[in-house]
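In case you want the letters, here they are:
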Amino acid sequence: MTENERGGPSRRALIGWGGAGLALGAAAAGGGVALSEGSLGLASAAPDHAVAFHGTHQAGIATPVQDRLHFAAFDVKTENRAEFVQLLKDWTAAARLMTAGKPVGEGAYGGLAEAPPDDTGEALGLSPSRLTLTVGFGPSLFERFGLADRRPAALADLPKFPGDNLDAARTGGDLCVQACADDPQVAVHAIRNLARVGFGKVAVRWSQLGFGKTSSTTPDAQTPRNLMGFKDGTRNIAGTETARLDQHVWVSASDGDAKSAWMTGGSYLVARRIRMNIETWDRTSLQEQEDVFGRDKGEGAPAGKAKEHDAPFLKAMKPDAHVRLAHPDSNDGITILRRGYSFTDGTDGLGRLDAGLFFLAYQRDVREGFIPLQRRLAAHDALNEYIQHVGSAVFAVPPGVRDSHDWWGRALFSKEA
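These numbers come from a predicted model, not from an experiment.

Visitor: Is there a simple way to explain helix α3 (residues 81-98) in this structure?
Guide: The α-helix advances 3.6 residues per turn, and as a result positions three or four apart in sequence lie on the same side. Look at α3: 26 Å from first C-alpha to last across 18 residues, which is about the 26 Å you get at 1.5 Å a residue. Buried residues dominate α3, accounting for 13 of its 18 residues. Between the side-chain oxygen of the N-cap and the backbone nitrogen of A82 there are 2.9 Å, and the N-cap of α3 in question is N80.

Below you can see the structure in the form of C-alpha cells.
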C-alpha cells in the first residue's frame with residue numbers, strides 16, 4: 001500500500017524527510033493521521049467475527065444487534081472546513097481497519113519510541129467481535145462550515161416532552177459515533193481511537209456504555225429483556241425485512257428536496273437516556289407490572305394471549321398500557337427500528353441505582369416517527385411513573401461508505417457527490 005492510499009505519510013516516512021521533530025510537530029498540530037493496514041497489533045479478522053464495513057447503508061442499523069455498546073457524542077472544535085473533512089476521511093480509514101480487526105496506523109508497538117503509538121493497544125489479540133461503527137451528524141453541525149442550506153427538514157429539533165428532565169451534559173452533540181460489538185473492550189477501543197485521531201478537532205461531549213441489548217433485529221433470536229424484566233422489541237423491524245426497512249428506516253431519493261438528497265440511503269437516529277426508578281419498580285406487584293406493559297412477564301405474550309408473537313388484542317390491555325399506546329395500530333402505522341441497550345452507571349448518591357435504558361431508534365423521518373409517538377407516550381403511558389428521560393440527541397446518519405475511495409459524509413461535503 002502506498003502512502004497516498006493510506007491517507008498520509010507514515011511516521012517512518014516523516015522521520016526520513018525531516019527527523020523526529022517534524023513527526024512530533026505534525027502530531028502536536030493535529031495534522032492528518034497515517035492509517036495503514038500494517039500487520040502489527042490486532043488479531044486477523046475471522047469471517048464470522050467481522051461485519052462488512054462497505055455498503056449502501058451504514059452497518060450498525062439493520063445489522064444483527066451485538067451485545068455491547070459504546071456511544072459517544074462529540075463537539076467540533078475546529079473552524080476549518082478542510083480540516084474537518086480530513087478528520088472524516090481519517091475516521092473512515094480508521095474505522096475500516098478496526099472493524100476488520102486490524103490496527104490503526106502502525107499499531108500499538110514497534111513504531112518510533114519517542115512518539116505515541118498509532119493504536120492504543122487494548123484490543124491486541126482480540127477478534128473484531130462483529131464491531132460496527134455508525135456516524136451521525138447533529139443539528140448543530142449545520143450551523144458550521146456553510147452547511148445551513150444542507151440541513152434536512154427531517155432532522156427536526158426534538159421538542160420538550162412532558163416529564164423530560166434533560167441533563168445538558170448528556171444532551172446534543174455536533175456528531176456521534178455508535179460502536180457496537182460483542183466484546184465491550186473492542187467497542188471502547190474503537191471510540192477511544194477515534195477520539196485520539198480527532199484530538200484538537202473534536203472533543204467528546206458525553207458518552208454512554210451499554211450492555212444487554214434490549215431489542216433484536218434478528219427474527220429467529222430470543223427476544224431480549226430490559227432491566228424491568230420484560231421482553232422488549234417483539235415486533236421490531238428485522239434486518240431481513242427489506243420492505244419494512246425501505247418503508248420506515250431508509251431515506252429515499254423521493255424524500256425531502258434537493259438540499260437533503262445527500263441523505264438518500266441514510267436514516268435518522270434518536271438517542272434517549274431513560275433512567276428507570278428501579279427500586280420503586282421492584283416493589284410493584286406482578287399484576288401491576290404486567291398491566292403497565294400489557295404483556296405477561298414470563299412468556300411475553302400480549303394480554304389475553306398465550307404466546308409472545310400472538311397478534312395483540314389491544315383492547316384487552318389497560319388504556320394506558322405501554323404496548324397498547326406504542327403499537328403502530330394506535331399511531332397511524334408509525335414504526336421505528338429500535339436498537340437500545342441497558343445501562344447501569346453506579347448510584348445517584350441517595351442509595352439508588354443509576355440504571356435504565358439507552359434508547360436508540362432509527363427512522364426515515366423524525367417528524368413522522370419518534371416525535372408524534374413520544375408525544376403520545378409522554379402524555380398517557382403508565383410506564384412514566386417508573387421512568388424519566390434524562391438525556392437526548394438527534395442525528396442525521398448518512399448513507400454507507402460504498403468502497404475504499406469513499407468516506408463518511410462525502411455526499412454532504414463534496415460538491416461532486
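Next comes the rest of the write-up.
Visitor: Looking at this structure, how should I read unusual backbone geometry?
Guide: Positive phi, close to 55 degrees, is recorded for S129, a residue that is not glycine. With respect to the secondary-structure elements, S129 resides in the loop between α3 and β2 (132-137). Phi angles above zero are rare outside glycine, and R130 is one such case at about 60 degrees. By secondary structure assignment, the location of R130 is in the loop between α3 and β2.

Visitor: Would you explain the environment of G351 in this entry?
Guide: Tracing the backbone shows G351 in the loop between β7 (341-347) and β8 (353-363). A residue is classified by how much of its surface remains accessible, and G351, at 64% relative accessible area, is exposed. Counting along the chain gives 72 residues from G351 to E279, while the straight-line C-alpha distance between them is 9.7 Å.

Visitor: Which parts of the structure should I look at to understand the side chain of S260?
Guide: Structurally, S260 is set in the loop between α5 (242-248) and β5 (267-276). Sequence-distant contacts of S260, that is, excluding residues within four places in its chain, are made with P152 and D255.

Visitor: Would you explain the packing of aromatic side chains in this entry?
Guide: One pair of aromatic rings is described through two measures. These are the centre distance and the angle between the planes. Taken as a whole, this structure holds 17 aromatic pairs when the rule is applied. Aromatic side chains F53 and W408 sit 5.8 Å apart centroid to centroid with 65 degrees between the ring planes, which places their arrangement in the edge-to-face category. Residue F53 is located in the loop between α2 (20-28) and β1 (68-76), and its partner W408 is located in the loop between β9 (387-397) and α10 (410-413); the two are separated by 355 residues in the primary sequence. Overall, the relative accessible area of 13% leaves F53 in the buried class. Classification of W408 by relative accessible area gives buried; the value is 1%. Aromatic pair W206 and F358: ring centres 6.1 Å apart, planes at 70 degrees, arrangement edge-to-face. Residue W206 is found in strand β4 (residues 202-213), and its partner F358 is found in strand β8; the two are separated by 152 residues along the sequence. The pair W206 / F358 is uniform in exposure class, with both members buried. Taken together, the ring pairs connect F84, F137, F142, F145, W262 and F413 into an aromatic cluster.

Visitor: Just checking my understanding: could you explain the pairing of β2 for this structure?
Guide: β2 sits mainly inside the fold: 6 of its 6 residues count as buried. Side-chain alternation along β2 places T132, T134 and G136 on one buried face and L133, V135 and F137 on a second face that is also buried. One ladder, built from 6 bridges, connects β2 with strand β3 (residues 175-181); its direction is antiparallel. Bridge pairing in β3 places T132 opposite C180.

Visitor: Honestly, the pairing of β4 in this entry has me stumped. Any pointers?
Guide: Sheet faces and side chains relate simply in a regular strand, where the side chains alternate between the two faces. As judged from the 9 bridges shared by β1 and β4, these two strands associate in the antiparallel manner. For L69, the partnering residue across the bridge sits in β4 and is G210. For β4 and β7, the ladder comprises 2 bridges, and the chain directions are antiparallel. For F211, the partnering residue across the bridge sits in β7 and is S342.

Visitor: When you look at the side chain of T134 in this model, what are you seeing that I'm missing?
Guide: By the secondary structure assignment, T134 is in strand β2. Since its relative accessible area comes to 1%, T134 is described here as buried. Here the side chain of T134 touches A59 through a polar contact of 2.6 Å, landing on its backbone oxygen. Excluding residues within four positions of it along the chain, T134 makes contact with Q58, A59, G60, I61, C176, V177, Q178, Y362 and V397.

Visitor: Please clarify how empty space enclosed by the protein should be interpreted in this entry.
Guide: Think of a ball as big as a water molecule: rolled over the atoms, this probe shows where empty space is left. If you walk through the whole model with that rule in mind, you get 2 cavities of 30 Å³ or more. A volume near 40 Å³ is recorded for the second largest cavity. Taken together, F53, H57, Q58, A59, L133, G400, V401 and W408 make up the lining of the second largest cavity.

Visitor: Just to check I follow, could you spell out the packing of α3 against helix α4 (residues 184-197) for this structure?
Guide: When two helices pack together, you describe them by how their axes are tilted relative to each other and by the distance separating the axes. Here α3 crosses α4 at 150 degrees, and the two axes come no closer than 10 Å. In terms of axis orientation, α3 runs roughly antiparallel to α4. Both α3 and α4 take part in a crossing whose hand is right-handed. In this structure, α3 contributes L87, D90, W91, A94 and M98 to the contact, and α4 contributes H189, A190, N193, L194 and V197. Broken down by class, the residue content of the contact of α3 with α4 amounts to 7 nonpolar, 2 polar and 1 charged.

Visitor: Explanation requested: the nonpolar core in the structure shown.
Guide: Buried together is how nonpolar side chains tend to be arranged in soluble globular proteins. Membership of the largest hydrophobic core comes to 74 residues, with the highest contact counts inside it found for F84, W91, L133, F137 and F413. For this core, the element with the most residues is α3, which contributes 8 residues. Excluding its chain neighbours within four sequence positions, the residues that come into contact with W91 are F74, L175, V177, L194, V197, G198, V202 and W408. A62, F343, F358 and F395 belong to the second-largest nonpolar core, a separate cluster that totals 24 residues.

Visitor: Would you explain the layout of surface pockets in this entry?
Guide: In this structure, the largest pocket spans a volume of roughly 880 Å³. Taken together, 44 residues form the lining of the largest pocket, with D232, G233, H322, A326 and R338 sitting closest to its centre. Elements that contribute at least two residues to the lining of the largest pocket include exactly β5, α8 (322-326), β8, α9 (370-380) and β9. It is α9 that contributes the most residues to the lining of the largest pocket, 4 residues altogether. Taken together, the residues that form the lining of the largest pocket break down as 20 nonpolar, 14 polar and 10 charged.

Scoring rules and cut-offs
- Residues numbered from 1 in each chain as written.
- Predicted model: local features only at pLDDT ≥ 70, side-chain atom pairs only at ≥ 80, totals over all residues.
- Heavy atoms only, no water.
- Helix = DSSP H or I, 4+ residues; strand = E, 2+ residues; numbered from the N terminus.
- Expected span 1.5 Å × (residues − 1).
- Buried < 20%, exposed > 50% of the residue type's maximum accessible area, 1.4 Å probe, protein only.
- Polar contact = N/O pair within 3.5 Å; in protein donor to acceptor, adjacent residues only side chain to side chain.
- Contact = heavy atoms within 4.5 Å.
- Phe/Tyr/Trp six-rings, centres within 6.5 Å; stacked < 30°, edge-to-face > 60°.
- Pairing = 2+ DSSP bridges.
- 1 Å grid on protein atoms, 1.4 Å probe; cavity = no way out; pocket = protein on both sides within 12 Å on 5 of 7 lines; lining within 4 Å.
- Points joined across faces, edges and corners; volume = space filled by probe spheres on them.
- Axes fitted to C-alpha atoms, helices over the stretch in contact; angles between N-to-C directions.
- Parallel < 35°, antiparallel > 145°, perpendicular 65-115°, else oblique.
- Left-handed = near helix turned anticlockwise from the far one by under 90°.
- Nonpolar A, V, L, I, M, F, W, Y, C, P; charged D, E, K, R; others polar.
- Core = buried A, V, L, I, M, F, W, Y, C linked by side-chain atoms within 4.5 Å.

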